[in-house]
Amino acid sequence: MKPAPFAYHRPASMTEAFDLMERYGPGGRLLAGGQSLVPALNMRLATPAAVIDINRLPGLDGIRVTPEGLVIGALCRHAAVERSPLVARHAPLVAQAMPHIGHLAIRARGTVGGSIALADPAAELPACLVALDATVRAARRGGTRDIAAAAFFLGIYTTALGPGEIVTEVVIPRPREGWRSHFGELARRAGDYALVGLAINSRVEGDVLLEPRLVFTGVGPTPARAAGAEGALAGRRPDPPAIAGAGRALDADLDPPADVHASAALRRQLARVLLARGLRGLMES
Amino acid sequence: MDVSVELALTVNGVPVRRRVEPRQSLADFLRYELELTGSHVGCEHGACGACTVRVDGTPVRGCLMLAVQADGSRVETIEGIAASGELADLQRAFAEENALQCGFCTPGMLLTAQEILRRNPRAGDVEIREGLSGNYCRCTGYHAIVQAVLRAGGVREKGQP
């Protein structure tokens, strides 16, 4: 299939981008990496009046360390994040998640900001950001606004972004002493949307988990924190009985959807498998 | 309403200037405007990899990039890359391992295989399979393709032509 006709704009400045967003309102769609928008155009699931290509906005493609933490620009390609030594050092969870995002050629174009602004419930980055207490920074005409990742993802393809706001960067707090992380997922084919994914971030003292954060993907409309399982693990060693208890708690934590790829029961089972593997990975890391 | 846009790029080293509709994908642009039919349009949503081309040195999905987005870029298709001789060993290995069946996926497979070996000539079975996971072969010939990439990688490693 081919896209319906649309007007194409390529703003060279934020001001120009804001002007275009105002001019077209909901009829204008921002194009960053295009790895989700362009398929939607091709299938005519999206038929915007205008596509506003923000790829040439200046200053949104850097990765840097500041006193706030690791800052990743919205236009950074997944491939750049994947091979960034700064990301590997300051956000190992994100570095671990990157190879799971799409395929090689998809990661060459897809962007961090696009993935976040799209808010696909199966996406890897949103779950990592929630697990890491990261902040999403958005710009609008006349100012910027910081939104906690946990408050950013509101539903399937729905975020806290208001009209006229553009994600400009994410801020990941500096790694804290004693914290460890692990990312894993189960997909039918490497690079496909995961049936279930799991980002773990936890303080580890000796071999005891403190303040564990378990954030699942693909099991609900937003990145899903598993509060019951976190409670079952907090203050404990992740030994087989503790893992089994946390796995049982997932039944109440998660309400996964059923679709052509997997039943809800299968997704629950896969979540338990991932949890056990993830905890093992975390302790070995 | 005419929404067409002017674009200028180089394709396989040749400067190209055209006026296109913004909705035209890079893959369709190459096929219909330039008659470079090596990049195939399969699924049009980024799953099959038959449309793979290189933009500024990096393999991308030709169906997930608008032609206008390639304005100012250096695009290489299988035609140009094969003619340069860069893929000669891979092409030979594909023939020797019977990794060509209908041929529809082959250009994308070759470009992706080249990227895998560029990153790591010693790539093993798992790395190659994972790297090629974004390319469908509907003749079910994956095993032969993986063998061909392994063979080409092995030859490169030994530094033979």
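Residues numbered from 1 in each chain as written. Chains lettered and ligands numbered in written order. Predicted model: local features only at pLDDT ≥ 70, side-chain atom pairs only at ≥ 80, totals over all residues. Heavy atoms only, no water.

Chemist: Before we move on, can you summarise the overall build of chain B with the specific residues and values?
Modeler: Scanning chain B from terminus to terminus reveals six helices and five strands. Counting from the amino terminus, chain B carries its helices and strands in the arrangement β-β-α-β-β-β-α-α-α-α-α. Since a compact globule built from 161 residues should have a radius of gyration of about 15 Å, the 16 Å found for chain B is in line with a globular shape. When the backbone C-alpha atoms are referred to their principal axes, chain B occupies close to 55 × 30 × 20 Å. By residue count, 53% of the 161 residues in chain B fall in the buried class. The contacts in chain B between residues at least 6 apart in sequence include a share of 55% that link residues at least 24 apart. (Helix = DSSP H or I, 4+ residues; strand = E, 2+ residues; numbered from the N terminus. Rg over C-alpha atoms; globule rule 2.2 N^0.38 Å. Buried < 20%, exposed > 50% of the residue type's maximum accessible area, 1.4 Å probe, protein only. Contact = heavy atoms within 4.5 Å.)

Chemist: How would you sum up the packing of helix H3 (residues 88-96) of chain B against helix H6 (residues 142-157) of chain B? Please name residues and give values.
Modeler: Residue and element names in this part refer to chain B. Running from amino to carboxyl end, H3 crosses H6 at an angle of 135°, the nearest separation of the two axes being 8 Å. One finds that H3 runs oblique with respect to H6. Viewed along their axes, H3 and H6 form a crossing whose handedness is right-handed. Where H3 approaches H6, its residues Asp89, Leu90, Ala93, Phe94 and Glu96 are matched on the opposing element by Ile145, Ala148, Val149, Arg151, Ala152 and Arg156. (Axes fitted to C-alpha atoms, helices over the stretch in contact; angles between N-to-C directions. Parallel < 35°, antiparallel > 145°, perpendicular 65-115°, else oblique. Left-handed = near helix turned anticlockwise from the far one by under 90°.)

Chemist: Quick one: what's the story with the nonpolar core, residue by residue and with numbers?
Modeler: Residue and element names in this part refer to chain A. In this structure, Ile72, Val81, Val87, Val94, Val112, Ile116 and Ile172 are the most contacted members of the largest nonpolar core, which totals 35 residues. If you list the elements that add at least two residues to this core, you get strand S5 (69-73), helix H5 (92-97), helix H7 (112-118), helix H8 (124-131), helix H9 (149-152) and strand S10 (166-172). Per-element accounting of this core gives the leading share, six residues, to H8. For Ile172, the residues in contact, after removing those within four places along its chain, are Glu68, Gly69, Leu70, Ile72, Ala91, Val94, Leu129, Leu132 and Ala134. (Core = buried A, V, L, I, M, F, W, Y, C linked by side-chain atoms within 4.5 Å.)

Chemist: Any chance you could break down the interface of chain A and chain B for me, citing the residues and the numbers?
Modeler: At the junction of the two partners, chain A supplies 30 residues and chain B supplies 32 residues. Note on chain A versus chain B: buried area summed over both sides is about 2,500 Å², and carbon and sulfur give 57% of it. Applying the counting rule to chain A against chain B returns three salt bridges. Between Glu44 of chain B and Lys2 of chain A there is a salt bridge; the shortest N-O distance is 2.9 Å. Listing elements by their share of the side of chain A that touches chain B, those giving two or more residues are strand S1 (7-9), helix H2 (37-42) and helix H6 (104-109) of chain A. When its residues are assigned to classes, the side of chain A that touches chain B shows 17 nonpolar, six polar and seven charged. (Buried area = accessible area lost by both parts, 1.4 Å probe. Salt bridge = Lys/Arg side-chain N within 4 Å of Asp/Glu carboxyl O. Nonpolar A, V, L, I, M, F, W, Y, C, P; charged D, E, K, R; others polar.)

Chemist: Lay out the pattern of salt bridges with the relevant residues and their values.
Modeler: Side chains that carry opposite charge are capable of pairing whenever their charged atoms lie near each other. Summed over all chains, the structure comprises 33 salt bridges over all chains. Close ionic contact of Asp28 of chain B with Lys2 of chain A constitutes a salt bridge, the shortest N to O distance being 2.4 Å. With Asp28 of chain B in helix H1 (residues 26-33) and Lys2 of chain A in the segment before S1, this pair bridges two chains. Residue Asp28 of chain B is classed as buried on the basis of its relative accessible area of 6%. Asp251 of chain A serves as the salt-bridge partner of Arg272 of chain A, at 2.9 Å between the closest nitrogen and oxygen. Taken together, the residues span a long stretch of sequence, with Arg272 of chain A in helix H12 (residues 264-284) and Asp251 of chain A in helix H11 (residues 240-253) at a distance of 21 residues. Its relative accessible area of 41% is what places Asp251 of chain A among the partly exposed residues. Through salt bridges with shared partners, a single network forms among Arg64, Glu68, Arg137, Asp146 and Glu169 of chain A.

Chemist: Before we move on, could you go through the sheet that holds strand S3 (residues 50-53) of chain A and cite the residues and values that matter?
Modeler: Residues and elements named next belong to chain A. One open sheet accounts for three strands, arranged S1-S3-S2; its pairing is parallel. Here the strands that pair on one side only, and so sit at the sheet edges, are S1 and strand S2 (28-31). Sheet twist, expressed as the average angle between the axes of neighbouring strands with direction ignored, equals 25°. Its contacts with the sheet put helix H1 (residues 14-24) on S1, S2 and S3, and the angle it makes with S1 is roughly 160°. (Pairing = 2+ DSSP bridges.)

Chemist: An account of the sheet that holds strand S14 (residues 224-225) of chain A is needed here, citing residue identities and associated values.
Modeler: Residues and elements named next belong to chain A. The strand order across the open sheet formed by four strands is S11-S12-S13-S14, and the pairing between neighbours is antiparallel. Where the open sheet ends on each side, the last strands, each with one partner, are strand S11 (179-187) and S14. In terms of strand pairing, strand S12 (residues 194-205) meets strand S13 (residues 208-217) through eight bridges, oriented antiparallel. Its bridge partner being in S13, Ile200 is matched across the sheet by Leu214. Set on the sheet, H8 makes contact with S11, S12, S13 and S14; between it and S13 the angle comes to about 155°.

Chemist: Lay out H1 of chain B in plain terms, naming residues and giving numbers.
Modeler: Residue and element names in this part refer to chain B. Within H1, burial applies to Leu26, Ala27, Asp28, Phe29 and Leu30. As for H1, its buried residues are in contact with strand S1 (5-11), strand S2 (14-20), strand S3 (52-55) and strand S5 (74-76). Note on H1: the residue one or two positions beyond its end, Glu35, has a positive phi of about 55°.

Chemist: Go over H12 of chain A with me, naming the residues and quoting the values.
Modeler: In this model H12 of chain A runs 30 Å from its N-terminal to its C-terminal C-alpha over 21 residues, within 8% of the 30 Å that 1.5 Å per residue would give. Listed in full, the buried residues belonging to H12 of chain A are Arg267, Leu270, Ala271, Leu274, Leu275, Gly278, Leu279, Gly281 and Leu282 of chain A. (Expected span 1.5 Å × (residues − 1).)

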